[in-house]
Amino acid sequence: MEKFSEKQRQGFSPSKTKNIFLKIIGFVAVLIMGALVYSEIGEPSGLFNLFKLRHENKVMRNSLDSLALRRDALLEEKQKLTKDTAYIESLLRKDLGMARPNEQVFRYIPDSSLESAK
């Protein structure tokens, strides 16, 4: 008594079984490769995040440099305001229009300002 007919046996030929097995192995390999690529690129420790962090680091370093320059300028300004009386006097005269006793202050008004006021 035969369990399978001739047609059924041909359906399970070794070459067809091998092809199906290779397709399954290929599909699993593609899934594994996809997971590896995603873990290298998309994860928080991946390449995209690495490039983003490098850019942020560059921006922060530039900001730090400009803030250091600003701090140095402010420290210099503070030093002048505490020690340099000539600098303080020039600021008072220029910005506040102050004068020494018995000194007259003349203000210059350009002609273009007079014409625009009309």
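The rules behind each value
- Residues numbered from 1 in each chain as written.
- Predicted model: local features only at pLDDT ≥ 70, side-chain atom pairs only at ≥ 80, totals over all residues.
- Heavy atoms only, no water.
- Helix = DSSP H or I, 4+ residues; strand = E, 2+ residues; numbered from the N terminus.
- Buried < 20%, exposed > 50% of the residue type's maximum accessible area, 1.4 Å probe, protein only.
- Areas by Shrake-Rupley, 256 points an atom, 1.4 Å probe, with all protein chains shown as cover.
- Contact = heavy atoms within 4.5 Å.
- Expected span 1.5 Å × (residues − 1).
- Polar contact = N/O pair within 3.5 Å; in protein donor to acceptor, adjacent residues only side chain to side chain.
- Phe/Tyr/Trp six-rings, centres within 6.5 Å; stacked < 30°, edge-to-face > 60°.
- Lys NZ or Arg CZ within 6 Å of the ring centre and 35° of its normal.
- Axes fitted to C-alpha atoms, helices over the stretch in contact; angles between N-to-C directions.
- Parallel < 35°, antiparallel > 145°, perpendicular 65-115°, else oblique.
- Nonpolar A, V, L, I, M, F, W, Y, C, P; charged D, E, K, R; others polar.
- Salt bridge = Lys/Arg side-chain N within 4 Å of Asp/Glu carboxyl O.

Asker: Go over the overall build of the chain with me, naming the residues and quoting the values.
Answerer: Across its full length, the chain carries five helices and zero strands. Order of helices (α) and strands (β) in the chain, N terminus to C terminus: α-α-α-α-α. Among the 118 residues that make up the chain, the fraction classed as buried is 3%. Total accessible area computed for the chain in this model is approximately 11,500 Å², and 63% of it derives from carbon and sulfur atoms.

Asker: If you had to explain the environment of Ile41 to someone new, which residues and values would you point to?
Answerer: As for its position among the elements, Ile41 is in helix α2 (residues 14-41). Overall, Ile41 belongs to the partly exposed group, its relative accessible area being 28%. In this view, Ile41 contacts Gly46, Leu47 and Phe48; residues no more than four positions away in its chain are not counted.

Asker: Can you tell me about unusual backbone geometry, naming the residues and giving the values?
Answerer: Positive phi outside glycine occurs at Asn102, with the angle close to 60 degrees. Mapping Asn102 onto the fold places it in the loop between α4 (85-96) and α5 (111-117).

Asker: Lay out α4 in plain terms, naming residues and giving numbers.
Answerer: The end-to-end C-alpha distance of α4 is 16 Å, a good match for the 16 Å that twelve residues give at a rise of 1.5 Å each. Between the side-chain oxygen at the start of α4 and the backbone nitrogen of Ala86 there is a gap of 3.3 Å, and the oxygen is on Asp84. With its phi angle positive at about 70 degrees, Gly97 sits one or two positions after the end of α4.

Asker: Break down the packing of aromatic side chains for me, citing the residues and quoting the values.
Answerer: To describe a pair of aromatic rings, you give the distance between the ring centres and the angle between the ring planes. All told, the structure shown has zero aromatic pairs when counted by the stated rule. Stacked on the ring of Tyr87, the Lys or Arg Lys80 has its end atom at 5.0 Å from the ring centre.

Asker: Now, about the packing of helix α3 (residues 47-83) against α4: what can you tell me, with residues and values included?
Answerer: Put simply, α3 and α4 touch, their axes get as near as 6 Å, and they point 95 degrees apart. Considering the angle they form, α3 stands roughly perpendicular to α4. For the pair formed by α3 and α4, the contact residues are Glu77, Lys80, Leu81 and Lys83 on the first element and Thr85, Tyr87, Ile88 and Leu91 on the second. Counted by class, the contact of α3 with α4 contains four nonpolar, one polar and three charged residues.

Asker: Mind laying out the pattern of salt bridges, listing which residues take part and the relevant values?
Answerer: Per the counting criterion, the structure on display carries five salt bridges. A salt bridge links Arg93 to Glu89, with the nearest nitrogen and oxygen atoms 3.0 Å apart. With a gap of four residues between them, Arg93 and Glu89 both fall in helix α4, about one helical turn apart. Close ionic contact of Arg93 with Glu103 constitutes a salt bridge, the shortest N to O distance being 2.9 Å. Placement of Arg93 in helix α4 and of Glu103 in the loop between α4 and α5 is noted, with a sequence separation of ten residues between them. Given a relative accessible area of 35%, Glu103 falls into the partly exposed group. Residues joined in a network through salt bridges with shared partners are Glu89, Arg93, Arg100 and Glu103.

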